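Here is how the chains run, residue by residue.
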Amino acid sequence: MLDVKKQKKIFGARLMAHNKPFIYVVVGMTGAFVCGLSGCLFGPLIVAQMFAMFNPDPVESRNQVNFFCGIMLSVAGISFLFRFLTKFCFGMIG
């Protein structure tokens, strides 16, 4: 009886009681953080890629553009994996 009164005083304690595997919450929140961070990384990468296209040397320009495209591709892959992981973990919670 005391536990019920104590749970009503703490905001969200009743909801957290249903999330017994708390690791899903932690992994889901970490995945959401990484996905949000990856969205902020795309802007500077696109700008750097556009500035690399203005290089007068075509070989160096191609190397820089390929470098930034590789970074963008890796960020997109990491974002895809963490987005899937986030959806899975939050789906397991309900």
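For the structure given in this document, a descriptive report is provided here. (Residues numbered from 1 in each chain as written. Predicted model: local features only at pLDDT ≥ 70, side-chain atom pairs only at ≥ 80, totals over all residues. Heavy atoms only, no water.)

A tally of regular secondary structure across the protein chain gives four helices and zero strands. Counted from the first residue to the last, the protein chain has its helices and strands arranged as α-α-α-α. Sequence-distant contacts in the protein chain: of pairs separated by 6 or more residues, those separated by 24 or more amount to 61%. (Helix = DSSP H or I, 4+ residues; strand = E, 2+ residues; numbered from the N terminus. Contact = heavy atoms within 4.5 Å.)

What follows concerns the side chain of serine 61. Here serine 61 lies in helix α4 (residues 58-93). If sequence neighbours within four positions are ignored, serine 61 has contacts with Ala52, Met53 and Asn55.

Overall, the coordinates contain one aromatic pair when judged by the stated rule. Seen in terms of ring centroids, phenylalanine 67 and phenylalanine 68 are 5.3 Å apart; in terms of plane orientation they differ by 65°. Their pairing is edge-to-face. Residue class for phenylalanine 68 comes out buried when judged on its relative accessible area of 18%. (Phe/Tyr/Trp six-rings, centres within 6.5 Å; stacked < 30°, edge-to-face > 60°. Buried < 20%, exposed > 50% of the residue type's maximum accessible area, 1.4 Å probe, protein only.)

As a further point, take the environment of cysteine 89. Within the fold, cysteine 89 resides in helix α4. Once the C-alpha coordinates of cysteine 89 and methionine 29 are considered, the two residues, 60 residues apart in sequence, prove to be 9.0 Å apart. Those residues in contact with cysteine 89 that lie beyond four places of it in its chain are Tyr24, Val27 and Gly28.

Glancing now at α4. In a regular helix each residue adds 1.5 Å, so 36 residues correspond to 52 Å; α4 covers 52 Å between its end C-alpha atoms and thus fits that length. All of the buried residues in α4 are Ser61, Val65, Phe68, Met72, Val75, Ser79, Thr86 and Cys89. Where α4 is buried, its residues touch α3 (22-53). At the C-terminal side of α4, glycine 94 shows a positive phi close to 115°. (Expected span 1.5 Å × (residues − 1).)

Let us look at the nonpolar core. Of all hydrophobic cores here, the largest spans six residues; its members are Leu45, Ala52, Val65, Phe68, Met72 and Val75. Per-element accounting of this core gives the leading share, four residues, to α4. (Core = buried A, V, L, I, M, F, W, Y, C linked by side-chain atoms within 4.5 Å.)

With that settled, consider the side chain of glutamine 49. Here glutamine 49 is to be found in helix α3. Those residues in contact with glutamine 49 that sit more than four places away from it in its chain are Val65, Phe68, Cys69 and Met72.

Moving on, we come to the environment of serine 79. Mapping serine 79 onto the fold places it in helix α4. Judged by relative accessible area, serine 79 falls into the buried class, the value being 9%. In contact with serine 79, not counting residues within four places along its chain, are Cys35 and Ser38.

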